[in-house]
Amino acid sequence: MTQHPEERRLSGDEVLRVEHMTMRFGGLIAINDLSFSAKRGEITALIGPNGAGKTTVFNCVTGFYKPTMGRILMRRSNGEEFNLERMSDFEINRDAKVSRTFQNIRLFTGLTVLENLLVAQHNALMKSSGFTVLGLLGWRPYKDAAKEAIEKARYWLEMINLVHRADDPAGDLPYGEQRRLEIARAMCTGPEFLCLDEPAAGLNPRESLELNTLLRSIREKHDVSLLLIEHDMSVVMQISDHVVVLEYGAKISDGTPKHVQNDPRVIAAYLGVEDDEVDEVLEEIEEVAEEVSHEHEAGQPTGDAR
Amino acid sequence: MTAAAQPPRIPSDDRLKWALREALFAGLISFGMFVLYVGLETTQNIRNQLVLNQRWGLLAILVAIAVVGRFLIVYFIGPWFAARKAAKAAKTEVPTQSLLRRNIGWIALLALLVFPMAMVWLVGPQKSLKWVDNYGVQILIYVMLAWGLNIVVGLAGLLDLGYVAFYAVGAYSYALLSLYFGLSFWTLLPLAGILAAFWGIILGFPVLRLRGDYLAVVTLAFGEIIRLVLINWTDVTQGTFGVSGVPKASIFGIWSFEVGADNNFAKAFGLRQSSAYYKIFLFYVILAMCAVTAVVTIRLRNMPIGRAWEALREDEIACRSLGINTVTTKLTAFSIGAMFGGFAGAFFAARQGFISPESFTFHESAIILAVVVLGGMGSLFGIAVAAIVMIGGTELLREMHFLKTIFGPDFTPELYRMLIFGLAMVIVMVLKPRGLVSVRNPTAFLHERKAVSSAFTKEGHG
């Protein structure tokens, strides 16, 4: 499908657009022709049953996988646009300002909490240290920049209530605090688009409530758009503005939390149905889907997913 | 195994019984294993007939060693280890360091500064040669090499088994460029470092996409390639004959140490001719080079690049997710480590006056790596101590003449150097698996600097 160059540009309120993305691992199609977009300043949630391909989407967006087909466009607040599928993972963070966390926490366990946040400011500090050469000679502006970096780290430690643990090794923190630290570390790179892979996994209800507040304040105070994978529906429904539901690598629903919550295809995907009931359910779904598609122009013709 | 599994507090009666039983088993097993191999020996006599010799005495000695050894391990050493472990588990926090320990670096530097003078004063210029050169300079060369390798292995977590290649590049750079072009030591010292760093980058580009064991194997091969090139490129390097008559270093061109020169150091000061002055001079040169290495390493650790190295050792994928270009980060670690190897190589050539590929075998790489690992990866102080113990210790064996009175006049302690080297390594690895200094000193702090226990740090995966 060829597109006019004009069409390539994202509209003003879009921050990320995934177009016809397909990811194959050998014979396995992990993602099949997926298209969705995320709006600036919104929290977009990516949900779906286990094995639906959510993390694969994440890895494609953040450059850890190269999609087999399709296009991923990212627009920064200064109007610059990036084709993420053509960039390598560290460039996506450095230039396109997309930051991410991992499903299985990946902190630098042997470095202290503070050092973790300083590593995240690597590129900024490299520049101010004259790519190490000037800093090695004790250049004044680098010393100021290093102090500023520590202040920035302190700010984020205050945001996640970890100032008192700043000098402890990151591996020594309890699970919930490690999750928060990973978010803070991602924020220290100064992102405009933050991808969180299951930030609430393993958190107790109080902690996931705190997480909600943290994510909201990140969005509001720091002008960051979020994309999150989440299984915890209390988090998804409370904080997200827009939900995309995946099943077997394809999008089955896309809309506001309320719309998605009542979408029979989503309910079927989550609760599952018996084999002999499939036809029955499909019919039901089609009926409801038609109703829904009248309400939302986003509604697609249904029944082709199964 | 069984010793560790046994709880430490059992009545000593039971323990004695248990130890005796273990010893009996060990004796039976060793008897069964050795009876056919050691107890019976088959040889041919002059008529090509098979003759069976019986060596019950030897067998008895071996079995006795096994029995006594097992008894000692179970009865004494095992409980001692268990008690140690329990005591260690009981005290979790890292002890605060005393004034002496905090300033140990400065004290050591001061001691090193007065060391050659003290030796000359104590044993006279001629006898001081051995102490200043064989001990002082030799150990400091290894300290510098190990500190250079520490950047690659200890900080960035890249296992490099071919580090000696860069040492060779530095040594041959100095030897050949000074012989063919007559350049002086002080111009060639930085050049040798730059050339070695350059080779580090050349090696790094294709290799750094490999990780862990694969990286180790390729760097090992690179080390061998450099050595084989030096052997076979006879037009330039004179192959296995080596390069001899490498010019000595001078004191910044003002005074020379060449015997015939007009500005000879001894002549200029009206001293008796002795090679001791040159060795003392070399001692201060390598000391200064070590100091530079230490300062640069400490500074780099506090810079973004140093933190990126350590982060790389901890988790490469997380590094990439934070926008760190891991390829250039690895390359800088490789080339800076190689640069220090090159400096040390140039110094080595100037000190020896003769270099050949023999000096740059895999054995050298292994020793340097052993020093880094024994010292504790990343710790400059631990590595320096390990170098003193390992290199100085093996040199010290040459001095153990009194051993001849015990083991007879044929006993040459030098021949047992490697045995003792290995034994020392096993002991250190059993007692301190993460090296002599296993705690990590954080590069920045908000409230107070707390050492990071080795339980949290990772060794890196390549």
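Bear in mind the structure is a predicted one, so any value in this text is a computation, not a measurement.

Along chain B, the regular secondary structure elements total 18 helices and 4 strands. Relative to its full complement of 462 residues, chain B shows a buried share of 47%. A separation threshold of at least 6 residues defines the contact pool for chain B, and within that pool the share at least 24 residues apart is 70%. Counting every atom, chain B has about 23,800 Å² of accessible surface; 69% of that belongs to carbon and sulfur.

Below, the discussion takes up the overall build of chain A. Counting secondary structure elements, chain A contains 13 helices and 10 strands. In chain A, buried positions account for 55% of the 306 residues. Sequence separation of at least 24 residues holds for 64% of the intrachain contacts in chain A that already meet a minimum separation of 6. Accessible area of chain A: about 13,800 Å², with a carbon and sulfur share of 50%.

All names here are of chain B. Taking 1.5 Å per residue as the helical rise, helix α7 (residues 185-207) with its 23 residues ought to reach 33 Å, and the 32 Å between its terminal C-alpha atoms agrees with that figure. Among the residues making up α7, those that are buried are Phe185, Leu188, Leu189, Ala192, Gly193, Ala196, Ala197, Gly200, Leu203, Gly204 and Val207. Packing partners of the buried residues in α7 comprise α6 (164-181), α8 (212-232), α11 (276-301) and α14 (326-352).

The next point concerns the environment of A:Phe36. Residues and elements named next belong to chain A. Within the secondary structure layout, Phe36 lies in strand β2 (residues 28-39). For Phe36, a relative accessible area of 3% gives the class buried. In this structure the C-alpha to C-alpha distance between Phe36 and Arg17, which are 19 residues apart in sequence, comes to 6.0 Å. Setting aside residues up to four positions removed in sequence, Phe36 forms contacts with Leu16, Arg17, Val18, Val57, Leu227, Val244, Lys251 and Asp254.

It is worth spelling out the pairing of strand β2 (residues 50-54) of chain B at this point. All names here are of chain B. For β2, a buried count of 0 out of 5 residues is recorded, marking the element as mostly open to its surroundings. Strand direction decides the pairing type here: strand β1 (residues 40-44) and β2, joined by 5 bridges, are antiparallel. Among the inter-strand pairings, Gln44 is bridged to a residue of β2, identified as Leu50.

Core analysis: the largest hydrophobic core is formed by 155 residues, its most contacted members being A:Leu157, A:Leu181, A:Leu194, A:Leu215, A:Ile218, B:Trp309 and B:Phe347. When residues of this core are assigned to their parent elements, the largest contribution, 17 residues, is made by helix α5 (residues 104-155) of chain B. Those residues within four positions of B:Trp309 in sequence are excluded, and the remaining contacts are B:Ile151, B:Leu155, B:Ala156, B:Leu300, B:Thr329, B:Thr332, B:Ala333 and B:Ile336. By size, the runner-up hydrophobic cluster in this structure holds 30 residues, among which are A:Met21, A:Val57, A:Phe193 and A:Leu227.

On to the confidence of the model for chain B, then. Across chain B, pLDDT averages 82, with 93% of residues at or above 70. The low-confidence segment residues 1-8 of chain B (pLDDT under 50) makes 8 contacts with residues lying over four places distant or belonging to another chain.

Here we come to the sheet that holds strand β6 (residues 98-100) of chain A. All names here are of chain A. Strand order across the open sheet formed by 6 strands is β6-β7-β8-β3-β9-β10, with mixed pairing between neighbours. Bordering the open sheet on either side are β6 and β10 (250-255), each of which pairs with just one other strand. The sheet shows a mean angle of 15° between the axes of neighbouring strands, taken without regard to direction. Pairing geometry for strand β9 (residues 242-247) and β10, over 5 bridges, is antiparallel. Bridge pairing links Val245 to Ser253 in β10. Where helix α8 (residues 175-188) meets the sheet, its contacts fall on β6 and β7 (193-197), and the angle it forms with β7 comes to roughly 160°. Contacts between helix α9 (residues 205-222) and the sheet are confined to β3 (43-47), β7 and β8 (225-229), with β8 contributing the most and set at about 150° to the helix.

Attention shifts here to the packing of α5(B) against α14(B). All names here are of chain B. Two elements in contact, α5 and α14, have axes separated by 6 Å at closest approach and are oriented at 165°. One way to sum up the angle between α5 and α14 is to call them roughly antiparallel. Pair α5 / α14 crosses with left-handed handedness. Residues Asp133, Val137, Gln138, Ile141, Met144, Leu145, Gly148, Ile151 and Val152 of α5 form the contact with α14, whose participating residues are Ala333, Phe334, Ile336, Gly337, Phe340, Gly341, Phe343, Ala344, Phe347, Phe348 and Arg351. Counted by class, the contact of α5 with α14 contains 14 nonpolar, 4 polar and 2 charged residues.

Before going further, it helps to examine the interface of chain A and chain B. Taken residue by residue, the interface counts 42 residues in chain A and 35 residues in chain B. Our count for the chain A to chain B interface comes out at 2 salt bridges. A:Asp89 is the partner of B:Arg320 in a salt bridge, and the nearest nitrogen-oxygen pair spans 2.4 Å. One can count 8 residue pairs in polar contact (both at pLDDT 80 or more) joining chain A with chain B. Within the residue set of the side of chain A that touches chain B, elements represented by two or more residues are α3 (89-94), α4 (113-119), α5 (122-128), α6 (133-136) and α7 (140-159) of chain A. Per-class residue counts for the side of chain A that touches chain B are 19 nonpolar, 13 polar and 10 charged.

Right, let's talk about the side chain of A:Ser99 for a bit. Residue position: A:Ser99 is located in strand β6. A:Ser99 has contacts with A:Asn93, A:Ala186, A:Thr189, A:Pro191, A:Phe193, A:Leu194 and A:Cys195, leaving out every residue within four places of it along the chain.

A separate point is the environment of B:Thr328. Residues and elements named next belong to chain B. Structurally, the position occupied by Thr328 is in helix α14. In this structure Thr328 comes out as partly exposed when scored by relative accessible area, which is 42%. A C-alpha to C-alpha distance of 9.5 Å links Thr328 and Gly204, two positions 124 residues apart in sequence.

The next subject is unusual backbone geometry. What you tend to see is this: most non-glycine residues have negative phi, and most peptide bonds are trans. All names here are of chain A. For Asp33, which is not glycine, the phi torsion reads 50° and is therefore positive. You can see Asp33 is positioned in strand β2. According to the relative accessible area criterion, Asp33 is partly exposed, its value standing at 44%. With a phi close to 55°, Asp223 is a non-glycine residue in the positive phi region. If you trace the backbone, Asp223 turns up in the loop between α9 and β8.

Basis of the calculations
- Residues numbered from 1 in each chain as written.
- Chains lettered and ligands numbered in written order.
- Predicted model: local features only at pLDDT ≥ 70, side-chain atom pairs only at ≥ 80, totals over all residues.
- Heavy atoms only, no water.
- Helix = DSSP H or I, 4+ residues; strand = E, 2+ residues; numbered from the N terminus.
- Buried < 20%, exposed > 50% of the residue type's maximum accessible area, 1.4 Å probe, protein only.
- Contact = heavy atoms within 4.5 Å.
- Areas by Shrake-Rupley, 256 points an atom, 1.4 Å probe, with all protein chains shown as cover.
- Expected span 1.5 Å × (residues − 1).
- Pairing = 2+ DSSP bridges.
- Core = buried A, V, L, I, M, F, W, Y, C linked by side-chain atoms within 4.5 Å.
- pLDDT = per-residue confidence, 0-100.
- Axes fitted to C-alpha atoms, helices over the stretch in contact; angles between N-to-C directions.
- Parallel < 35°, antiparallel > 145°, perpendicular 65-115°, else oblique.
- Left-handed = near helix turned anticlockwise from the far one by under 90°.
- Nonpolar A, V, L, I, M, F, W, Y, C, P; charged D, E, K, R; others polar.
- Salt bridge = Lys/Arg side-chain N within 4 Å of Asp/Glu carboxyl O.
- Polar contact = N/O pair within 3.5 Å; in protein donor to acceptor, adjacent residues only side chain to side chain.

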